[in-house]
Amino acid sequence: MSTPKPTIAEVAVLARVSAPTVSKVINGRADVAAETRARVEDAIDQLGYQRRRQGPPAPGTGLVDLVFHRIGSPWAGEIIGGVESAAAEARVSVILTELGGAHRPPASWVETTLARPPLGILLVASHLTPSQREQIAHRSIPVVVIDTDGESPEDVAAVGSDNWGGGLLATRHLIGLGHTRIAAIGGPATMLSSRARLDGFRSAHAEAGIAVDPHLVMEGDFYVGAGYRAARELFAMPPGRRPTAVFAGSDMQALGVLRAAHECGLVVPRDVSVVGYDDLTLCEWSAPSLTSVDQKLATQGAVATRLVLDLAEGRRPALDRVNLTAELVVRESTAPPPAP
């Protein structure tokens with residue numbers, strides 16, 4: 001005779017809570033105290049209660065939740081395009097969530113998300129709290145991080161590009177042209193991708209035996225305004241101290257640098273060379289066209305989508321942490337430095 005499966009009522013008795021409270025925990029509701037949730041989860045494990053898993057969705061009905069810390073730039077558009085392309089191939093839909101610049105979803109996000117629930121979750125430059133990860137995991141919903149902003153836990157799948165290698169490539173290119181006074185405008189210091197690009201920048205200098213001038217290294221936010229403001233400050237330096245090249249850290253910041261150079265009477269690349277990062281479509285249309293590091297944003301989105309769908313279907317891929325190789329695309333915005 002088979003052993004009867006444990007019920008929600010039995011879990012409730014063991015955990016010393018009501019059956020509706022057990023139901024809330026099972027369904028990922030946020031309105032349960034952490035201590036109570038822990039007791040319920042422990043009781044579930046002790047009794048071997050099996051949460052009901054949803055069967056595969058009918059074609060065209062599955063959802064992938066794509067969560068951005070901020071939407072509104074061409075950078076985000078490139079990733080969205082890659083995600084939507086891969087999702088369309090799999091006949092699933094994409095839901096976009098923006099966190100208003102925050103890198104962590106609010107507590108209410110889990111409850112809203114689990115009410116759908118999605119086949120999988122893609123996090124762009126954002127991450128979950130341990131409690132949120134636990135709630136998502138208990139519903140067997142896979143999570144993949146894209147372009148992670150920090151060290152993601154080892155058990156969380158991630159897709160990104162070689163930011164250190166990209167910073168190295170950009171700076172090697174400028175040094176190879178003869179530049180020795182190279183400025184860098186990074187992104188937020190709290191973001192791992194920004195720190196890695198600057199580390200690559202410094203490594204290229206060390207490799208060439210050139211000292212990095214700390215006054216030429218500035219923090220930005222990856223957006224146009226930050227690039228513009230930093231470049232105005234850099235270009236206001238006396239000619240002997242002014243950089244002859246700028247590694248902008250993002251294409252949007254590079255656009256700000258181009259504008260600042262024009263306003264300061266500098267011609268790119270005759271007076272100053274500029275390198276961006278991301279290789280957005282707009283690089284081909286700026287004047288001059290922008291040399292940039294291609295971190296394959298659309299490919300990151302597509303690879304992450306296929307990965308999260310594989311995990312949702314119970315397939316464990318050979319690699320669940322993918323780091324794509326960055327490539328330098330040389331255009332018109334870089335040239336040898338002006339003669340002394």
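In case you missed it, the structure is sitting above this.
Novice: Describe the overall build of the chain, and please don't skip the residues or the numbers.
Specialist: Check the secondary structure of the chain and you find eleven helices and twelve strands. Put simply, the chain has 340 residues, and 50% of those count as buried. Excluding contacts between residues fewer than 6 apart, the proportion of contacts in the chain whose partners are at least 24 apart in sequence is 72%. Surface accessibility of the chain: about 15800 Å² in total, with carbon and sulfur atoms responsible for 54%. The average position of the 32 basic charges and that of the 37 acidic charges among the side chains of the chain differ by 4 Å.

Novice: Any details on the pattern of salt bridges? Residues and values, ideally.
Specialist: In this structure the tally under the stated criterion is eleven salt bridges. Glu263 is the partner of Arg259 in a salt bridge, and the nearest nitrogen-oxygen pair spans 2.8 Å. One end of the pair is Arg259 and the other is Glu263, both in helix 10 (residues 251–263) and four residues apart, which spans about a single turn. Residue Glu263 is classed as partly exposed on the basis of its relative accessible area of 34%. With a shortest N-O distance of 3.0 Å, Asp271 and Arg270 are connected by a salt bridge.

Novice: Run through the sheet that holds strand 9 (residues 273–277), naming residues and quoting values.
Specialist: Overall, mixed pairing links the six strands, which are arranged 7-6-8-9-10-12 in an open sheet. Because the sheet does not close on itself, it has two edges, and the strands there are strand 7 (217–219) and strand 12 (327–329). Averaged over all pairs of adjacent strands, the angle between strand axes in this sheet comes to 20 degrees, irrespective of strand direction. Sheet contacts for helix 9 (residues 224–235): strand 6 (182–186), strand 7 and strand 8 (245–247); angle to strand 6, the most-contacted strand, approximately 155 degrees. Helix 10 rests against strand 6, strand 8, strand 9 and strand 10 (291–294) of the sheet, and its axis sits at about 155 degrees to strand 9.

Novice: An account of the packing of helix 4 (residues 74–89) against helix 11 (residues 297–312) is requested, with residue identities and associated values reported.
Specialist: At a minimum axis separation of 7 Å, helix 4 and helix 11 run at an interaxial angle of 40 degrees. Between helix 4 and helix 11, the crossing angle belongs to the class labelled oblique. Note that helix 4 runs across helix 11; the crossing there is right-handed. Side by side, helix 4 and helix 11 meet where Trp75, Glu78, Ile79, Gly82, Val83, Ala86, Ala87 and Glu89 of the first sit next to Leu297, Ala298, Gly301, Ala302, Thr305 and Arg306 of the second. Looking at the contact of helix 4 with helix 11 residue by residue, the class counts come to eight nonpolar, three polar and three charged.

Novice: Tell me about the pairing of strand 9, residues and numbers included.
Specialist: Strand 9 sits mainly inside the fold: five of its five residues count as buried. Residues Ser273, Val275 and Tyr277 point to one face of strand 9 and Val274 and Gly276 to the other, with burial holding for every one of them. Pairing between strand 8 and strand 9: three bridges, direction parallel. Within strand 9, the position partnered with Phe247 by the bridge is Val275. After leaving strand 8, the chain enters helix 10 and then returns to the sheet as strand 9, a path that is right-handed.

What counts and what doesn't
Residues numbered from 1 in each chain as written. Predicted model: local features only at pLDDT ≥ 70, side-chain atom pairs only at ≥ 80, totals over all residues. Heavy atoms only, no water. Helix = DSSP H or I, 4+ residues; strand = E, 2+ residues; numbered from the N terminus. Buried < 20%, exposed > 50% of the residue type's maximum accessible area, 1.4 Å probe, protein only. Contact = heavy atoms within 4.5 Å. Areas by Shrake-Rupley, 256 points an atom, 1.4 Å probe, with all protein chains shown as cover. Lys, Arg positive; Asp, Glu negative; His and termini not counted. Charge placed at Lys NZ, Arg CZ, Asp CG, Glu CD. Salt bridge = Lys/Arg side-chain N within 4 Å of Asp/Glu carboxyl O. Pairing = 2+ DSSP bridges. Axes fitted to C-alpha atoms, helices over the stretch in contact; angles between N-to-C directions. Parallel < 35°, antiparallel > 145°, perpendicular 65-115°, else oblique. Left-handed = near helix turned anticlockwise from the far one by under 90°. Nonpolar A, V, L, I, M, F, W, Y, C, P; charged D, E, K, R; others polar. Right-handed = clockwise from strand over helix to strand, strands pointing away.

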